[in-house]
Every structure is written in structure tokens, then in C-alpha cells.
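Commentary on secondary and tertiary structure
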Amino acid sequence: QAYNCLIHFYKRMSSRALVLLATGAEEMETVITVDVLRRGGVEVVVAGVDGETPVSCSRSVKIVPDISLATAATQGPYDCIVLPGGGPGAAALCASVEVGKLLQEQDEAGRLVAAICAAPTALLSHKIGLGKRVTCYPAPAFIEKLAGSYTYVEEKVVVDGNIVTSRGPGTTFDFGLELVRIMVGKEKMVEIASAMLL
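**Overview of helix α4 (residues 87-95)**
For α4, the full list of buried residues reads G89, A90, L93 and C94. Angular distribution of buried residues about the axis of α4 spans 140°; they occupy a single face of the element. Across from the buried face of α4, at angles greater than 90 degrees, the exposed residues are P88 and A95. Check the buried side of α4 and you find it contacts β1 (16-21), β6 (80-83), α5 (97-108) and α6 (120-125).

**Concerning the sheet that holds strand β11 (residues 163-166)**
Spatially, the seven strands line up as an open sheet ordered β5-β2-β1-β6-β7-β11-β10, and their pairing is mixed. On the outer flanks of this sheet lie β5 (67-68) and β10 (157-160), each paired with one strand and no other. Pairing between β1 and strand β2 (residues 43-48): six bridges, direction parallel. Within the sheet, the bridge partner assigned to A17 lies in β2 and is V44. Of the strands in this sheet, β1, β6, β7 (112-116) and β11 touch α5, which is tilted by about 140° from β6.

**Points about the environment of I81**
Turning to its location among the elements, I81 is positioned in strand β6. Once the C-alpha coordinates of I81 and R16 are considered, the two residues, 65 residues apart in sequence, prove to be 8.9 Å apart.

**Here we look at helix α8 (residues 172-183)**
Taking 1.5 Å per residue, 12 residues should reach 16 Å; α8 reaches 16 Å between its end C-alpha atoms and fits that length. Within the span of α8, buried status applies to T172, F175, G176, L177, E178, L179, V180 and M183. Buried residues in α8 make contact with α2 (27-39), β6, β7, β10, β11 and α9 (186-195). Just beyond α8, the residue with positive phi is G185, at close to 135°.

**A short note on the pattern of salt bridges**
For the structure shown, the criterion picks out eight salt bridges. Of the charged contacts, one joins R39 and D35 as a salt bridge, the two residues approaching to 2.4 Å between their closest N and O atoms. Remark: D35 and R39 occur in helix α2; sequence separation between them is four residues, near one turn of the helix. Among the ionic pairs, K101 bridges to E105, the shortest N-O distance being 2.9 Å. In this pair, K101 and E105 are both assigned in helix α5, four residues apart and thus about one turn of the helix distant. Of the residues examined, K101 reaches a relative accessible area of 52% and is grouped as exposed. Given the relative accessible area of 38%, E105 is considered partly exposed.

Rules used throughout
- Residues numbered from 1 in each chain as written.
- Predicted model: local features only at pLDDT ≥ 70, side-chain atom pairs only at ≥ 80, totals over all residues.
- Heavy atoms only, no water.
- Buried < 20%, exposed > 50% of the residue type's maximum accessible area, 1.4 Å probe, protein only.
- Helix = DSSP H or I, 4+ residues; strand = E, 2+ residues; numbered from the N terminus.
- Arc of directions from axis to C-beta.
- Contact = heavy atoms within 4.5 Å.
- Pairing = 2+ DSSP bridges.
- Axes fitted to C-alpha atoms, helices over the stretch in contact; angles between N-to-C directions.
- Expected span 1.5 Å × (residues − 1).
- Salt bridge = Lys/Arg side-chain N within 4 Å of Asp/Glu carboxyl O.

Here it is, written out as C-alpha cells:
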């Protein structure tokens, strides 16, 4: 029984992240982020915005969510909510009332909200972190959309308070490692970066 108590205590103390997976999400940004976080000891839940069925990503790779968004919303709080990019995936995140509600609760509580590539546009749609420094995929349409409500910065990863943003597939390792640094610590971040030969 004492052993079970220790396990329960450890699980309660370990960081939890929720990755929101919508049709058309960028698969590299999804899978690399999940992988890096799990290597860092973060408990990761992948939630399908449209349910538990396999999600077809931007390059037709299919990913099976762990649970539906509706179920995930009842199992919080999460230390971090992650929004992968991909144009159609980001558009679905922008349009989802459920995603907006979850992000607003997360932001109001001061917990991490992380978005990469096109997904920072979902922050704008749901009025998350207005006025903060952000980055995104360097397409004029995304930059122009964000510029009026945020300070746009051309860096691989931008952290401003509880908002973490990044640029695209090639910056996903940096994005995931920064989230590990924030949630777990620099030592763990350096350890897993070295193990992955980064």
C-alpha cells in the first residue's frame, strides 16, 4: 500500500500536457512534440478534436488520439496545452468552441499554452495572450493576422509568460525541448537533447 501511495504521489507531481489533434494537423509537429515531452517525463494525452477516431494529418499520415477532446476536458487541469500547426488543423482549432473554452480556462489560470506553425492563429481566434510576443510560420497571411494583436518576433521559439510559440516543422525539436525545460527542468532538457544527438 505504501508503494501505491508513492506511485500516486509521483504521478500527481509529474507534469501533464494535452496535445490537441485536429484534421489537417502537421504530423511532424504533433509527433515530435509528443515524443520529446514523453522523453522528458511529461505525461502526454493526445486528444482528438473530433473524437477518438484516427485523424488524417496534412500529409495523409493518420494518428490515433488517446481520447476525445470532450473526455480530455473533464480530466484536467493540464500543465500545458499544445496546439500543433498545419493550415487546416489550425483552422479547425480556430473554429472550435470547445478548444476556445479550454484555452481560456488554461490562460486565466496562468498555465502554459503552446502553439507552433499556423496554430498561433488559434490563440488570436480565442483571444489568448493578446499583446504578448509570439512567432509563427513565416507566411505573410499568418504574420499579418497576428501583427495587430501581438508583437511578432522571428525566433525559433518565443516564450512570453505562459505563452510559448514556435515556427514550423524544423523548429519542433526546439519547441518540445523548451517545454521540457519549463515543465521539468534544464538538466532533463539537456539530457534528452544529447540522447537524441541534437
